[in-house]
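Observations on the model geometry
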Amino acid sequence: MATYPELKNRVVLITGGAQGIGLSTAEEFAKQGALVAVLDIDLVGAQKVADSINQTGQRAIAIKTDVTSEASVISSLKSVNDIFNGIDIIINSAGGYGKLTSVEEMPVDEWDRTVALNMRGTFLVCKHAIGYLKKSKAGRIINVSSISGRTLFGSTSPAYASSKAATIQLTRFLAVELGPFGITANSIAPITTLTPRVKALRTAANIEQIASQIPLRRLPEPIEHSNAMLFLASDNASYLNGIAMDINGGRVLM
Ligand SMILES: NC(=O)c1ccc[n+]([C@@H]2O[C@H](COP(=O)([O-])OP(=O)(O)OC[C@H]3O[C@@H](n4cnc5c(N)ncnc54)[C@H](O)[C@@H]3O)[C@@H](O)[C@H]2O)c1
């Protein structure tokens, strides 16, 4: 495991931290000694993650947050700042989609819900975190996009893919706007990942079929994204700004 001593006591806020990539990332930042705030609409799940981190002797809190609600985001960020006395790193991992469909068949309310979760949510958290990040000595924004935002990959939701492309562009915008304040903004673009949710949803044959199209011939584990985010948050990534890091085993090249 890489160690980043500079992350000790840095405050990291992770949306969607109750599950999947967000959960793994909360655990990995805690192992580095960071102070972890798990923000999720699922408070029970978020509290479970925080409790299990606290049992290891590290520090974590859980805050119920709906990233699509501006009032909820403002209040959660204030709570994190009040409890941990600052915010250094934000990771926007809350995201996803409900329906695989074509543009023609896409119900408009499904479009709005998906765009709200992936795009409005990321925008709201970034927007309202800026004031706190400006006070940090090492402010970092890491937005979780998707290979679907980089290229047309398999069957997906057009609302999801469009929002994930927008996430990358929003991140570039933030990189330019916040660079003068010493804050970096980068995104990661994962491929289908072996989270518990994905494992439950897909058959072994389906996973095998996706893997066969990836140069590395396997799907990633959540920790492989967490490792990239640790690096992006670390001092070693001090000059990386505005990138979209492809974490897809080379699939985007095919
Ligand atoms: N898992 C994959 O295969 C994969 C691939 C590419 C990109 N991604 C992206 O990675 C991120 C994490 O994906 P995952 O599969 O680990 O997610 P997941 O579905 O396992 O977990 C998402 C978390 O977000 C929370 N959430 C949902 N709506 C919310 C809201 N309105 N406010 C706050 N929290 C909310 C959920 O409660 C859940 O804990 C997402 O942005 C996803 O789009 C995932």
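Keep in mind that this is a model prediction, so the values were computed, not measured.

Description of the overall build of the protein chain
Within the protein chain, the secondary structure is distributed over 8 helices and 7 strands. Each principal axis of the C-alpha atoms in the protein chain carries an extent, and together these give about 45 × 40 × 35 Å. Considering the protein chain as a whole, with its 254 residues, one finds that 54% of them fall into the buried category. At a minimum sequence separation of 6, the contacts of the protein chain that also span at least 24 residues come to 73%.

Topic: the site of the ligand
Among the 28 residues in the neighbourhood of the ligand, the closest are listed as Ile-21, Asp-40, Tyr-160, Thr-193 and Arg-197. Contacts to the ligand include Ile-41, whose backbone N or O atom sits 3.3 Å from a nitrogen atom. Look at the ligand: alone it shows 830 Å² of surface, and the protein chains cover 90% of it. When each cavity is represented as a set of grid points, the ligand is found to reside in the largest pocket. At the level of elements, helix H1 (20-31), helix H5 (158-178) and helix H6 (196-201) are the ones that each hand at least two residues to the shell around the ligand. Taken together, the residues of the shell around the ligand break down into 11 nonpolar, 12 polar and 5 charged.

Re the side chain of Ser-136
Within the element layout of this structure, Ser-136 appears in the loop between helix H4 (108-133) and strand S5 (140-144). At 2.7 Å, the side chain of Ser-136 and the side chain of Asp-88 are in polar contact. For Ser-136, the side chain forms a polar contact with the main-chain nitrogen of Ala-138, separated by 3.0 Å. With residues up to four places along the chain from it excluded, the contact list for Ser-136 reads Ile-87 and Asp-88.

What to know about H1
Look at H1: 17 Å from first C-alpha to last across 12 residues, which is about the 16 Å you get at 1.5 Å a residue. Of all 12 residues making up H1, 9 are buried, and the element is well covered by its neighbours. Buried within H1 we find Gly-20, Ile-21, Gly-22, Ser-24, Thr-25, Ala-26, Glu-28, Phe-29 and Ala-30. The secondary structure elements touched by the buried residues of H1 are strand S1 (11-15), strand S2 (35-40), helix H2 (43-55), strand S4 (89-92), strand S6 (184-190) and helix H8 (222-233). Residue Gly-33 follows H1 closely and has a positive phi angle near 90°.

Focus: the sheet that holds S1
The strands making up a sheet are joined through hydrogen bonds of the backbone, oriented either antiparallel or parallel. Ordered by their spatial adjacency, 7 strands build an open sheet running S3-S2-S1-S4-S5-S6-S7, and the pairing between neighbours is parallel. This sheet does not close on itself; its edge strands, each paired only once, are strand S3 (60-64) and strand S7 (244-247). Each adjacent strand pair in this sheet contributes to an overall mean axis angle of 20°, direction not counted. Pairing of S6 with S7, which is carried by 4 bridges, proceeds in the parallel orientation. From the neighbouring strand, Pro-190 faces S7, where its bridge partner is Ile-247. Of the strands in this sheet, S2 and S3 are in contact with H2, which crosses S3 at around 175°. Contacts from H4 reach S1, S4 and S5, with the element oriented near 180° to S4.

Looking at the nonpolar core
Ranked by size, the top nonpolar core spans 30 residues in total, and within it Val-12, Phe-29, Val-36, Ile-91 and Met-229 carry the most contacts. Top element by residues in this core is H8. It accounts for 5 residues. Not counting residues up to four positions away in its chain, the partners in contact with Val-12 are Phe-29, Ala-34, Leu-35, Val-36, Ala-37, Ile-89 and Ile-91. Counting residues in hydrophobic clusters, the runner-up holds 28 residues, among them Ala-37, Leu-77, Ala-129 and Ile-141.

Regarding the side chain of Arg-10
Within the secondary structure, Arg-10 sits in the segment before S1. The exposure class assigned to Arg-10 is buried, which follows from its relative accessible area of 15%. Side-chain polar atoms of Arg-10 contact the backbone oxygen of Glu-6, separated by 3.2 Å. Filtering out sequence-adjacent residues up to four positions away, Arg-10 remains in contact with Ala-34, Leu-35, Asp-88, Ile-89, Ala-138, Ala-233 and Asp-235.

Observations regarding the packing of helix H3 (residues 70-84) against H4
Running from amino to carboxyl end, H3 crosses H4 at an angle of 40°, the nearest separation of the two axes being 10 Å. In terms of axis orientation, H3 runs oblique to H4. H4 is crossed by H3, and the crossing has right-handed handedness. Contact with H3, carried on its side by Glu-70, Val-73, Ile-74, Leu-77, Lys-78 and Asn-81, involves Arg-120, Leu-124, Val-125, Lys-127, His-128, Ala-129 and Tyr-132 of H4 and no other residues of that element. Tallied by class, the residues present in the contact of H3 with H4 amount to 7 nonpolar, 2 polar and 4 charged.

The rules behind these values
- Residues numbered from 1 in each chain as written.
- Predicted model: local features only at pLDDT ≥ 70, side-chain atom pairs only at ≥ 80, totals over all residues.
- Heavy atoms only, no water.
- Helix = DSSP H or I, 4+ residues; strand = E, 2+ residues; numbered from the N terminus.
- Buried < 20%, exposed > 50% of the residue type's maximum accessible area, 1.4 Å probe, protein only.
- Contact = heavy atoms within 4.5 Å.
- Near = heavy atom within 4 Å.
- Polar contact = N/O pair within 3.5 Å; in protein donor to acceptor, adjacent residues only side chain to side chain.
- Areas by Shrake-Rupley, 256 points an atom, 1.4 Å probe, with all protein chains shown as cover.
- 1 Å grid on protein atoms, 1.4 Å probe; cavity = no way out; pocket = protein on both sides within 12 Å on 5 of 7 lines; lining within 4 Å.
- Sits in = over half its atoms within 2 Å of the grid points.
- Nonpolar A, V, L, I, M, F, W, Y, C, P; charged D, E, K, R; others polar.
- Expected span 1.5 Å × (residues − 1).
- Pairing = 2+ DSSP bridges.
- Axes fitted to C-alpha atoms, helices over the stretch in contact; angles between N-to-C directions.
- Core = buried A, V, L, I, M, F, W, Y, C linked by side-chain atoms within 4.5 Å.
- Parallel < 35°, antiparallel > 145°, perpendicular 65-115°, else oblique.
- Left-handed = near helix turned anticlockwise from the far one by under 90°.

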